[in-house]
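Examination of the molecular architecture
The primary structure of each chain is shown beneath.
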Amino acid sequence: MVLSNWLNELEYTLIQGNTDIQADEIIYDSRKAGPGTVFVAMTGTRIDAHCFIPDVLKAGTRILVTERSVEVEMEACGLTGEEKKQVTILRVSDARRALALLSAARFGYPAKKLTMIGVTGTKGKTTTTHMIKAILEAAGKKVGLIGTTGVVIGDHVTPTMNTTPESYELHKAFAQMAEAGCTHAVMEVSSQGIKMHRVDGILFDYGIFTNISPDHIGPDEHADFEEYLYYKTRLLTNCRVGLLNANDGHAEAVKKTASCELYTYRVDADGSEEGERKTEEEKADFTASHIRYVSEPDFVGTKFRISGKYEMKVRLGIPGLFNVENAMAAVSLCSFLGLGRERISHALEHIRVNGRMEIVYTSSRCTVLVDYAHNAVSMESLLKTLRDYHPRRLVCIFGCGGNRSKDRRYSMGEIGGRLADLSILTADNSRYEKTEDIIADIRGSIEKTGGKFMEIPDRREAIRYGILNAQPGDMIAVIGKGHEDYQEIDGVRHHFLDREVIEETVKELGEKEKE
Ligand SMILES: CC(=O)N[C@H]1[C@@H](OP(=O)(O)OP(=O)(O)OC[C@H]2O[C@@H](n3ccc(=O)[nH]c3=O)[C@H](O)[C@@H]2O)O[C@H](CO)[C@@H](O)[C@@H]1O[C@H](C)C(=O)N[C@@H](C)C(=O)N[C@H](CCC(=O)O)C(=O)O
Ligand SMILES: Nc1ncnc2c1ncn2[C@@H]1O[C@H](COP(=O)(O)OP(=O)(O)OP(=O)(O)O)[C@@H](O)[C@H]1O
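Residues numbered from 1 in each chain as written. Chains lettered and ligands numbered in written order. Predicted model: local features only at pLDDT ≥ 70, side-chain atom pairs only at ≥ 80, totals over all residues. Heavy atoms only, no water.

Details of the site of ligand 1
Around ligand 1, the structure places 25 residues, and the nearest of them are Thr45, Arg96, Asn162, Glu166 and Ser190. A distance of 2.5 Å separates an oxygen atom of ligand 1 from a polar side-chain atom of threonine 45. Arginine 46 has a polar backbone atom sitting 2.7 Å from an oxygen atom of ligand 1. The fraction of the free accessible surface of ligand 1 (1,100 Å²) that becomes covered by protein chains is 80%. Across the shell around ligand 1, the residue classes break down as 7 nonpolar, 9 polar and 9 charged. (Near = heavy atom within 4 Å. Polar contact = N/O pair within 3.5 Å; in protein donor to acceptor, adjacent residues only side chain to side chain. Areas by Shrake-Rupley, 256 points an atom, 1.4 Å probe, with all protein chains shown as cover. Nonpolar A, V, L, I, M, F, W, Y, C, P; charged D, E, K, R; others polar.)

Encoded structure:
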């Protein structure tokens, strides 16, 4: 490919060289340098990649995209004067944005070949994207998905470093999706991804804003809540049709900044009808009401009614009030796509989202579920909504990650003590810390609540204990790791999946009962 073919959407200054030269690949990691590569030097949060310019030139790269003058680096590269002259240098104001625009061109603008659906929000991104995928697939569409659980195309899952991967990886994935015959791409759009220009140049057909609460604020993420909110709202300035959760405390502020064709959805947990709402502000385009919590021997979830621009009754096979919100986002969106109600209904009744309120076992004996809640806010909303099912006992099996803020241990201990009937403290990803030390930190706060707890540091044994000692009608929530299929100990990831341990134990239980 000739470099100039990739430059249509890029604003740049040609510092030296020419653009009518061969370019085969775009790289943003110096370790992939070689002849034919275009090196985009990004100023990182840890490293300024301009310092790798001598290395990439030595490795054979002859095209550089830079944010600043690189005379010093050119001096240090060891090339002859003639060789240096042959290097093409493009100066851009933002290399991350340049990477996004170049990557889109490099892969032939694959996002334009797909119906693009983006979901942002502090919570609910993974669940909502999986619900949309399940509905579209039930309607016979081929869908690609990108998010925390990886890039999913058909049965093939490729793990990703980030919830919203780097722009180059995104366009590569879109190209693979288009190649595989996908018509729709549904992806999680993190605020950090927006801030880091990973989705620059993509115009989403549909954008969803699920909710926002303080999170991801810190040295390498957002400076403060205002910045976090700002970047989250950018999705609704970069899509044709937007959907906003009217239940969210910041919905009005988000509405003011949105520039798309905007619709709202809401959940009336108190059972009131759309017609009974008093103010215009309280009305939404899509409303869920008449919510019932259903716990049957083979089905745990909710039933509710949707009214407004779309009407249907839903039986949702994933428990919890917040999942009604997630389902409302998914159904409202799918209502624009002209899908049959029976397909939507079937998909939601049988929905399973890997590690998100995932019911692994349910019978008259007990219900066991896995969830990714790994901080106090998520844990609190999870335990509160599980109470709506009136379990005999609510048992929560959890730990906390090592080498992370200790505040999380104290706050999760406090929530467990207050909201569970029994907490079983165990290992999460202990990393370089001793599991016993982490549990001791949790113990410190749980003891103050007077809540009942026990300690079983081995996570497998903790899960086995919970299930083998269940009382009829118990609900057991195994939380913190969700879809993760490993336990990280001393820098090594050992295979471990909560769901598998639950399934093994349930089998053991069945065999014991037969004896
Ligand atoms: C703080 C942050 O967002 N960092 C992201 C950023 O890394 P960075 O560019 O700052 O990294 P850096 O190490 O300073 O390197 C700078 C540049 O030097 C290059 N380099 C580096 C070494 C070398 O030898 N040669 C070389 O060329 C690197 O390839 C990079 O281009 O760009 C990388 C590539 O896209 C990301 O993987 C990385 O995410 C890190 C792992 C991260 O933890 N990010 C979190 C904060 C994040 O993005 N989270 C969101 C939100 C999730 C949610 O909502 O739950 C997400 O979307 O994942
Ligand atoms: N709409 C929601 N509101 C509040 N909590 C939610 C909601 N949806 C899911 N949760 C809780 O948050 C956890 C993470 O859910 P999910 O993975 O769907 O969200 P996410 O936005 O992708 O989160 P993360 O950024 O932590 O990966 C779930 O395990 C559940 O406990």
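So, the packing of aromatic side chains
Taken as a whole and assessed by the stated rule, the structure comprises 7 aromatic pairs. Measuring from centroid to centroid gives 5.2 Å for phenylalanine 107 and tyrosine 168, while their planes differ by 65°, and the two rings are edge-to-face. Of the two residues, phenylalanine 107 is situated in the loop between helix 4 (95-106) and strand 6 (115-120) and tyrosine 168 in helix 6 (residues 167-179); the sequence distance between them amounts to 61 residues. With respect to class, phenylalanine 107 is no different from tyrosine 168; both count as buried. Ring centres of tyrosine 263 and phenylalanine 336 lie 4.9 Å apart, and the angle between their planes is 50°; this geometry places the pair in the tilted category. In this pair, tyrosine 263 sits in strand 13 (residues 261-267) while phenylalanine 336 sits in the loop between helix 10 (321-335) and helix 11 (341-349), placing the two residues 73 residues apart along the sequence. A relative accessible area of 16% means that tyrosine 263 is categorised as buried. (Phe/Tyr/Trp six-rings, centres within 6.5 Å; stacked < 30°, edge-to-face > 60°. Helix = DSSP H or I, 4+ residues; strand = E, 2+ residues; numbered from the N terminus. Buried < 20%, exposed > 50% of the residue type's maximum accessible area, 1.4 Å probe, protein only.)

Topic: the sheet that holds strand 5 (residues 88-91)
Sheet architecture is open: 5 strands sit in the order 1-5-4-3-2, paired in mixed fashion. The sheet is open, and its two edges are formed by strand 1 (13-16) and strand 2 (25-27), each paired on a single side. Recorded for the sheet is a direction-independent mean angle of 25° between the axes of neighbouring strands. Bridge count between strand 2 and strand 3 (residues 37-40): 3 bridges; the pairing is parallel. Paired with isoleucine 27 across the two strands is phenylalanine 39, which belongs to strand 3. Sheet strands touched by helix 4: strand 2, strand 3 and strand 4 (63-66). Its angle to strand 2, the strand with the most contacts, is close to 155°. (Pairing = 2+ DSSP bridges. Axes fitted to C-alpha atoms, helices over the stretch in contact; angles between N-to-C directions. Contact = heavy atoms within 4.5 Å.)

With respect to the nonpolar core
By size, the foremost hydrophobic cluster in this structure holds 68 residues, and its most contacted members are Ile132, Phe304, Leu316, Ile344, Leu383 and Ile479. In terms of residues, this core owes the most to one element, helix 10, which gives 8 residues. Of the residues that make up this core, three or more belong to each of domain 2 (107-349) and domain 3 (358-514). Excluding its chain neighbours within four sequence positions, the residues that come into contact with leucine 316 are Met131, Phe299, Val300, Gly301, Thr302, Phe304, Asn323, Val324, Ala327, Leu348 and Ile351. Within the second largest apolar cluster, 31 residues are counted, among which are Ala173, Met177, Ile194 and Leu236. (Core = buried A, V, L, I, M, F, W, Y, C linked by side-chain atoms within 4.5 Å. Domains from an automatic or database assignment.)

Structural notes on unusual backbone geometry
Trans peptide bonds make up most of the peptide bonds, and negative phi angles are found at most residues other than glycine. A positive phi angle, near 50°, is found at arginine 431, a position not held by glycine. With respect to the helices and strands, arginine 431 occurs in the loop between strand 20 (422-425) and helix 14 (435-449). Residue classification places arginine 431 among the buried residues on the basis of a relative accessible area of 14%. A positive phi is found at aspartate 490, a non-glycine position, where the angle reads about 50°. Structurally, aspartate 490 is set in the loop between strand 23 (486-489) and strand 24 (492-495).

Thoughts on the pairing of strand 20
The two faces of strand 20 match: Leu422 and Ile424 on one face and Ser423 and Leu425 on the other face are all buried. Where strand 19 (residues 394-398) and strand 20 come together, 4 bridges link them in parallel fashion. What sits directly across from isoleucine 397, in strand 20, is isoleucine 424. Between the parallel pair strand 19 and strand 20, the chain is carried across by helix 13 (residues 407-419), and the sense of this crossover is right-handed. (Right-handed = clockwise from strand over helix to strand, strands pointing away.)

Some remarks on the UniProt feature "binding site: ATP" (unreviewed entry) in the chain
Here the UniProt feature "binding site: ATP" (unreviewed entry) sits at Gly121, Thr122, Lys123, Gly124, Lys125, Thr126 and Thr127. With respect to the helices and strands, the residue threonine 122 is situated in the loop between strand 6 and helix 5 (125-138). On the basis of relative accessible area, threonine 122 is assigned to the buried category, the value being 5%. The residues touching threonine 122, leaving out its near neighbours within four places in the chain, are Thr210, Asn211, Ile212, Ser213, Asp215, Tyr228 and Lys232. Within the secondary structure layout, glycine 124 lies in the loop between strand 6 and helix 5. When residues no more than four places from it in sequence are discounted, the contact partners of glycine 124 are Thr210 and Asn326. (UniProt positions renumbered as here; feature names shortened; annotations may be inferred.)

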